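Chain by chain, the residues:
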Amino acid sequence: MAVAQGRSAYGAKDIPAPGHLEDQINEQHLRLIERMFKEANKTGGKGLNMTDFREAMKIIMKHVEDEDIDIIFMKVDSNCDGILEWEDYLDYMFLEYKQKDILQRKNQPLYFPKPLMIVPADHHDVIVQLQFYSLQHPAGKEKMDLGEQGTPGGSLNGGRYLSISQNGTLNFWSESFKLQRSVNISKMAHTAGQPILVTNMLCLSNISQLCISFSGRDIEFYDVSVSKCDVIYSLSGLEANVLVMDYWTDGKRGIYSFGDFNGTVFIFTSANVVQNGLFNRVAFRAAGNVPRIAVSKLLKNSYIPFLCFKVPLHRVWIRQIRYIPHLNSVATCCTEDRTSMALTTVPHSKICKIDVARFHLQMGIMCFDYSPESNILVTGSFDGVIRVWNPYVTYRATSQLKGCSAAITHLIVNGKQNKVISVSKDMNVCVWDLQHCMCMQNIHPRNIRLGRFPISCTYYNHNTNTVVLATYNIGVLQGVVGGKDETMAETVTSHEQPLCAALYNANFRQVVSGCHAGEVNVWDILSGEIVMQFQVNPKQPVEVTAMAFDGLKRRLITASTDGMLRLWNFNNGALLRQLPLMDNSEITGMLYINNRIYVSGRSKRVISYLDFKDNRTEIDYSIWNQYHTGDISSMHVHGNELLVTSSFNSDVIIWNVNSGQAVCRVNASKSPLLLVPARVMDSGRRDTDTTQKAVLNVGHTKSSRRNILSPPPSNYLQARRCCFQAPFKNGSGMDGIKEAWQKPKESSVVSAVDLNTHSVAVVKVLFLNTREMSPDTAILLSSATDGYVYAWSISQGGGLLGKFRPAQRDDPFISSMSTDSRDQMLLTGDSHGYVMLWDIEKYCYQMHRQSLCEDESPGEESVRLSELIPHYCRVQGPRAVEVQQVREVIDGWSVSLTPPELLSSWRCHLKGIVHLEYVERYHLIITASVDRNVRLWTIAGHHIGTFGQNSWQVGHLDARPNELPMDLRRAGSFQTLKVLNKGRRPHWRSVKHILPILASQRRSQSSMSKEDLSETDPSISSEQIDHTWTVRQGRGKQLRVYNAMHCTDLLPIIQRPMPDVLQDHQQRMPKTSKTAPKQKKSHRQCANTQNMA
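Please read these numbers as outputs of a predicted model, since none were measured by experiment. Per chain, the residues get numbers from 1 upward, laid out in the order the sequence is written. Local features in this predicted model are restricted to residues of pLDDT 70 or higher, and side-chain atom pairs are both shown and tallied only at a pLDDT of 80 or more, whereas totals for entire chains, interfaces and linings draw on every residue. Side-chain numbers here rest on the full set of heavy atoms in the structure, without hydrogens or water.

1. Re the overall build of the protein
The helix count covers DSSP runs of H or I at least four residues long, the strand count covers runs of E at least two residues long, and both are numbered beginning at the N terminus. A tally of helices and strands in the protein yields 16 helices and 62 strands. The proportion of buried residues among the 1093 residues of the protein is 51%. Any two residues whose heavy atoms approach within 4.5 Å at even a single point are treated as in contact. Considering only contacts within the protein whose residues lie at least 6 apart along the sequence, 54% involve residues at least 24 apart. With an accessible surface of roughly 54000 Å², the protein has 50% of that area assigned to carbon and sulfur atoms. Relative accessibility under 20% of the residue-type maximum defines a buried residue, over 50% an exposed one, and the middle range a partly exposed one, all with a 1.4 Å probe and only protein chains included. Surface accessibility follows the Shrake-Rupley procedure with a 1.4 Å probe radius. Residue values consider only the protein chains on display as shielding.

This is the structure we're talking about:
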C-alpha cells in the first residue's frame, strides 16, 4: 500500500548510468564523427536524421543507449528540422564548452570567503617579520609535521604566532590571535641603553630557539621554551647587516642560512641539531654575560658534523633566501639583472664543489616560492608579472600570469591546490590558478584596511590555509580548508534573487530555473549539478518574469522586463531569436500552443506571436480583445483548443485558441454559474451585461471528449434540479441522490447577493486535461487569495461544483498548482511554503453518475500514486482539514464543500512557493520559492537536496541521504518533521500530552470531597481530614501570580534648589505678588501628589 511495504518509487530501467555521453567524446571520436558527416554529404544528403545519427554513433561509441544519443541529437537540433549537419554540431560543442568554462569560473568558490580580520598590534613601528612557533612533541615519541618549507608550517600539534617590529617589540599570539605576552628586546640587560634596529626574525621550533638579526651586524639566539625569552648566544664578526634568514630541518639534520647587504650567502649545516646544536661549541667564547661566536671561526671549522660555507652571489642586497630540500639548493633572489635568482647546491663535505645556477631577468626578482608537487619556481618582479620557471631551465620562464599593476612583493604557493597567492606593493591580494593561468580572486586594497604603508611581511599556514599580513597592525585572511567552506554551505542558495519558475524538461532530464536577476540555470535532476548558466541580458541585468518551453521542449522562451521575448538553446546558452513585445507591460504568463507563443500580463490582454523557422525580420502577431479589467495573473491550456486566464479582480475567462474569442467567464465572488464574457472598451467600460447567462460557442473539436456546446445528459438536469430541491421538498422520488447530498450537517442556503462583494485575486488556474467535459465534472481549478480552491465545470449547464480551503488559517493561499499526467493527484504550494498532495481522482468527477451508479468504478491503474505515499504522511493536528458542512446552496445552485483526501503535507520553504512540478518518471517533486532556492523531494516527502548546495544520486539506494535544510530544522512543525524524518516522531511529541494530563489531575483533585479524602487511607483521623480540607479550600482562594513585570518602589520627589538670581528677584517683589505664586505652587504640589497616588 505504501512505500514502506516494498513498492519502490523508481524503476531500475529508469535510472541511467552516471555521466553524460558528450563528456565521453574525445578527439578521436570527433574525427570519426566528422568523417561520418562527410560520407553522408557525399551520398547527396545534407546531413543526418535521428535514425542515421543513432546508428553511426553506436558504431563509433560502441556501448551506448539510444536515449543518450537522442539527447545529443535534440540538443544540437534546436530548430527542430530533423537534420543534423557537421557545422551545427561543431557550433553547438564550441558554445557549450565556452559557456561551461564561464560557468566554472563564475561558480568557483572564493579562496578567501571571509573578509580580512584586523588584529590591533601595539608595536608602534613597522612589523618586520611574522613566524609560527610550533609546539613540539617529546623527542623520539612522534615525528613532527613539517610544512613545505621544512619548518613547522601548521597547527596540528598547536602553536603560537610571533611578531616583531623594528623597535624590538616581540609579541606572542595564540592561534586565534589573542595576545599572550609581549617582550621588549631593547629593554633587556644586554641591550639596555643601546639603540637597536631589528632586521629579521626566525623560529627554530625543534630546538626551542628564536633567532633575531639586528642592524649592528649581530645575530642573537634566544631560548623561548615554556615562558622564557632569554638570550643564549650571538653570532658576531659579520661583514654586513643580515637582512634575510632561513632554517630547515627534517627533525634531525638542520640547515641555517642567511644573506647580507653585500649579496653574500652563508650556509651552516648540522648533522644532528637536536643533540649537537646548530654550531660547533669549540667556536664559543665568553664575552660578558652572553657567549659570542665569531663567524670567521665557524668558517674555518673542520669538524665533520658541522659544515659552513660562504658564497658571494649577488652584487646587491638579497631580498629572500630559502633552502629547497627537493633540489638540495639554497635559493636566493635580488633586483639585479644578471643574477636575479640563484640556486646554490649544499655540499655534503668540505671537498665537494658548490654549484650555482643563475636566472637572468631584467629588473630582477623581488620574491619567489617553490612547489614540490609540481617542481616549479614561481617569481614576482617589479613589472607586476608572475612567472613560472622550470628549475632546470634558467633562461626563460614557462608561463606568465599578468594582471597586477604594481610590483609583486610577496608570493605564496599552495601546491596541493595548485594556487598562487600574490601580494603587490599597492596592497592588492590576488589568488591565481596555476592550471588555467587565471586570477580566481582579487581582494582590492580598500578591503585591506592595514593603513597606507605597503605590506611589510606575510606568513602562510598550510594546515589552516591562513594568510597573515602585517604592516603596523596584523590582518588575517582565513581560507577554506579542504576545498569547501562548511560555515557558508547553508547560506548558499540556488539563485541570487527570488525565483520566477523552475521547469522540468523530460527530454534532457534537466531542471531549468530563472530568477529576478535575469539569470537562467540548468540543473541535472539526477545529480543536482549545474550544467549551464547564462544571463538573459549580459549587458544589463533584467528581471525574468515568465518562462516556457516550446512544443518539443528543445528551446526555452523567456520574457523579461526589458520588453523582449527570447528563444534559447538552453543546453549551450545560445540565443536563437528575440522578439520585441508589442506592449511594454510586464509578462506574467506564457504558453506555447500550435507554433504560437501566447503571453499575458499587466496589459490585461492576450497576445500571440508566430514562431517562424526562417530568418524573417517581420513579426506575425495578433492581439486579442480585452475582457479583463484587472492584471492577468495566470494562464493555462486545455489540449490545444482552450485557454484560460485569471486576473486580480476574480475574473477567470476561457478562450477559444483558434478564434481568439472569449467563450465564457466565471467569477466566484459574483455567481456560481457561467457568465457571459464582457468586452472592455477603450474607455474601460463593459459593453455587455455580466449578469446574463453565457451562450457558449466554440468551434467543433476533433477530440473525443464532450464539447462544451453539446447538451448535457437528459437525466443530469433532472438530477441536478432534484439535488437543489432536496433540502426543501420531500418525496421527490430521487431518494438515492437525496441521501447522497444530505449528510449529518445541514446545508447552508446563500443568496447571490450575500456573496463577497469585494473581489479577491485569482492567483492560479489549472486545467485537468484528462477529464471529459460534462456539466457534472470539474475540469478547471482556480485558487484565490481568500484561501479557497474552486472546481469549475465549463460545459453548458455547468458552474461551480465544489470548493475547499486547504489551510485552516486565513493567512495562506495557494500560490502554485500542478498535477500528474493522469490527474490522480493535485499538488498545491501556498504562500507560507507548504506543499500539499491531494487525491483528486474522484473529486467533482461525474457527480450525478456516481450517485446513481455507486457500483461503477474506473479501471485500476498499474501504479496508483496514493500507494507511493506512506500512511505516516497523513496530516494530523491543527493543519488537518476539517469540514464544517458538506455543501452550500447559492440561489438554488449546490456547491460541494467536501475537500478531496489529503495524502500528505509538509513545509518545503520558509517563504512562498512560486512554482512546483511533478516529475512523472522518477516520482519526484520540484519546488521553487521566493527564498531563492530550488529543492527536490520524493513523493513521500523525503528531502533529496537543494540545487546549488549539494549533489546527490537519484535512485541509488547506497547513496548517502542529504541532511535536512537548516531553515526547516529550525522552523519545521510537527507534521513537517514527521514527514521529513520518514515517520520518526520528534522527541517532543510526548511532551504535548503533559499539560493535558496535569490539567486533568488538577480538575480531579479540585472535585474531591471529604469522603474521597477519608477513603484514601482509613488510618487518617477526622481532625486531620478537616485540617487538610480547610487548607485545600484556602489554596483555591489564594491569588496565584504566574508572571509579573519588574518594578521598583516609588521615590520621593526631590526639588532642585532655586538659583540665587531668582531668590533675589522674589525678595524684591511686593508681598502681594509673592503670595500668588505660592498658592499656585501649592496647587501644583497637590496635583503632583494626587497623580503619584
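Structure's up, so let's keep going.
2. A short note on the packing of helix α2 (residues 50-61) against helix α3 (residues 66-76)
Each axis is a line fitted through C-alpha atoms, taken for helices only over the stretch in contact, and angles between the N-to-C directions span 0 to 180 degrees. It is at 10 Å that the axes of α2 and α3 come closest, and there the two elements cross at 125°. The pairing of α2 with α3 is recorded here as oblique in orientation. Crossing handedness for the pair α2 and α3: right-handed. Where α2 abuts α3, its residues Met 50, Phe 53, Arg 54, Met 57 and Lys 58 lie against Asp 66, Ile 69, Asp 70, Ile 72, Phe 73 and Met 74. Three classes are used, and their members are as follows: Ala, Val, Leu, Ile, Met, Phe, Trp, Tyr, Cys and Pro are nonpolar, Asp, Glu, Lys and Arg are charged, and the others, Gly among them, are polar. Counted by class, the contact of α2 with α3 contains seven nonpolar, no polar and four charged residues. For classification purposes, angles smaller than 35 degrees are called roughly parallel, those larger than 145 roughly antiparallel, those between 65 and 115 roughly perpendicular, and all remaining angles oblique. What makes a crossing left-handed is the near helix being turned counterclockwise from the far one by less than a right angle; a clockwise turn instead makes it right-handed.

3. As for the packing of helix α1 (residues 27-42) against α2
With their axes 10 Å apart at the nearest point, α1 and α2 run at an angle of 145° to one another. Read as a crossing pair, α1 and α2 show a hand that is right-handed. Along the contact surface, α1 presents His 29, Leu 32, Ile 33, Met 36 and Phe 37, while α2 presents Phe 53, Ala 56, Met 57, Ile 60 and Met 61. Per-class residue counts for the contact of α1 with α2 are nine nonpolar, one polar and no charged.

4. Considering α2
Helix span is expected to be 1.5 Å times the residue number reduced by one. With twelve residues, α2 ought to run about 16 Å at 1.5 Å a step, and its terminal C-alpha atoms sit 16 Å apart, in line with that. Turning to α2, its buried residues number three or more, namely Phe 53, Ala 56, Met 57, Ile 60 and Met 61. Looking straight down α2, one finds its buried side chains confined to an arc of 115°; they lie on one side. Positive phi shows up at Lys 62, right after α2, with a value of about 65°. To obtain the arc, one takes the directions from the helix axis to the C-beta atoms.

5. Here we look at empty space enclosed by the protein
Residues are said to line a cavity or pocket when one of their atoms sits within 4 Å of a point; the points come from a 1 Å grid over protein atoms alone, cavities being sets where a 1.4 Å probe fits but cannot get out and pockets being open sets with protein on both sides within 12 Å along at least five of seven lines. Grid points are joined across faces, edges and corners, and a volume is the space filled by probe spheres set on the points. Summed over all chains, the structure comprises ten cavities of 30 Å³ or more. Considered as a void within the structure, the largest cavity measures approximately 70 Å³ in volume. Lining the largest cavity are 13 residues, with Ser 650, Ala 668, Val 762, Ala 784 and Tyr 790 sitting closest to its centre. Looking at the lining of the largest cavity, its residues break down into eight nonpolar, four polar and one charged.

6. Structural notes on the pattern of salt bridges
We count a salt bridge whenever a side-chain nitrogen from Lys or Arg sits within 4 Å of a carboxyl oxygen from Asp or Glu. Scanning the model with the defined rule gives 21 salt bridges in all. With its nearest N and O atoms 2.6 Å apart, the salt bridge here joins Arg 315 to Glu 336. A residue pair is termed long-range when its members are at least 10 positions apart, and Arg 315 in the loop between β15 (306-312) and β16 (320-324) and Glu 336 in the loop between β17 (329-333) and β18 (341-345) qualify at 21 residues. The salt bridge partner of Arg 387 is Asp 383, with a shortest N-O separation of 2.9 Å. Among the charged side chains, a network of salt bridges with common partners joins Glu 67, Asp 68, Arg 509 and Arg 921.

7. Digging into the pairing of strand β50 (residues 780-784)
Of all five residues in β50, five are buried, a share of seventy percent or more. Residues Leu 780, Ser 782 and Ala 784 point to one face of β50 and Leu 781 and Ser 783 to the other, with burial holding for every one of them. Pairing of strand β49 (residues 762-767) with β50 involves five bridges; the strand directions are antiparallel. From the neighbouring strand, Val 765 faces β50, where its bridge partner is Ser 782. What makes two strands pair is DSSP finding at least two bridges between them. The pairing of β50 with strand β51 (residues 789-792) spans four bridges and is classified as antiparallel. Looking at the pairing, Ser 782 lines up with Tyr 790 of β51. Counting the residues that bridge the hairpin from β50 to β51 gives four residues, and of these Gly 787 lies at a positive phi of roughly 95°.

8. Quick look at the packing of aromatic side chains
The criterion for an aromatic pair is that two Phe, Tyr or Trp rings (for Trp, the six-membered ring) have centres within 6.5 Å, with stacked assigned to planes under 30 degrees apart, edge-to-face to planes over 60 apart and tilted to the rest. All told, the structure shown has 35 aromatic pairs when counted by the stated rule. Between Phe 221 and Tyr 256, the aromatic rings sit 5.9 Å apart at their centres with planes inclined by 65°, giving edge-to-face as the arrangement. A residue pair is termed long-range when its members are at least 10 positions apart, and Phe 221 in strand β8 (residues 219-223) and Tyr 256 in strand β11 (residues 254-260) qualify at 35 residues. With a relative accessible area of 0%, Phe 221 lands in the buried category. When its relative accessible area of 0% is taken as the criterion, Tyr 256 is described as buried. Through a chain of ring-to-ring contacts, three or more aromatic side chains come together here, namely Phe 221, Tyr 233, Tyr 256, Phe 258, Phe 266, Phe 268 and Phe 279. A positively charged side chain is recorded as over a ring if its NZ (Lys) or CZ (Arg) lies within 6 Å of the ring centre. The angle to the ring normal must also be within 35 degrees. For Arg 181, the ring lying beneath its charged end belongs to Phe 172, and the centroid distance is 4.1 Å. Note that Lys 803 overlies the ring of Tyr 788, its terminal NZ or CZ placed 4.8 Å from the centroid.

9. A few points about the sheet that holds β17
Taken in spatial order, the four strands line up as β16-β17-β18-β19 in an open sheet, and their pairing is antiparallel. Strands at the two margins of the open sheet, each flanked by one partner only, are β16 and β19 (356-359). The sheet shows a mean angle of 15° between the axes of neighbouring strands, taken without regard to direction.

10. A short note on the sheet that holds strand β42 (residues 621-623)
The strand order β39-β40-β41-β42 describes an open sheet built from four strands, whose pairing is antiparallel. Each of the sheet's edge strands pairs with one partner strand only, and the pair in question is β39 (587-593) and β42. Averaged over all pairs of adjacent strands, the angle between their axes in this sheet comes to 20°, without regard to strand direction.

11. Focus on the side chain of Ser 782
Following the sequence through the fold, Ser 782 ends up in strand β50. Ser 782 gets classed as buried once you look at its relative accessible area, which sits at 3%. Here a polar contact means two N or O atoms within 3.5 Å. Within protein one must be a hydrogen donor candidate and the other an acceptor candidate, and residues neighboring in sequence count only if both atoms are side-chain atoms. Polar side-chain contacts of Ser 782 include one of 3.2 Å to the side chain of Trp 792.

12. Quick look at α3
Within α3, eight of the eleven residues are buried, which leaves it mostly tucked inside the rest of the structure. Among the residues making up α3, those that are buried are Ile 69, Asp 70, Ile 71, Ile 72, Phe 73, Met 74, Lys 75 and Val 76.

13. Let's talk about a nonpolar patch on the surface
Among the surface-exposed residues, Met 582, Tyr 621 and Ile 623 lie close enough to one another that they form a single nonpolar patch of about 260 Å² accessible area. In this structure, Ile 623 sits in strand β42. The patches described consist of residues with a relative accessible area above 30% and no salt bridge, like charges being joined within 9 Å and nonpolar side chains (Val, Leu, Ile, Met, Phe, Trp, Tyr) within 5 Å.

14. Structural notes on a negative patch on the surface
In this tally, Asp and Glu contribute negative charge and Lys and Arg positive charge; neither His nor the terminal groups of the chain are included. A charge is said to be at NZ when it belongs to Lys, at CZ for Arg, at CG for Asp and at CD for Glu. Together, Asp 81, Glu 85, Glu 87, Asp 88 and Asp 91 make up a negatively charged patch on the protein surface. Tracing the sequence through the fold places Asp 81 in the loop between α3 and α4 (86-106).

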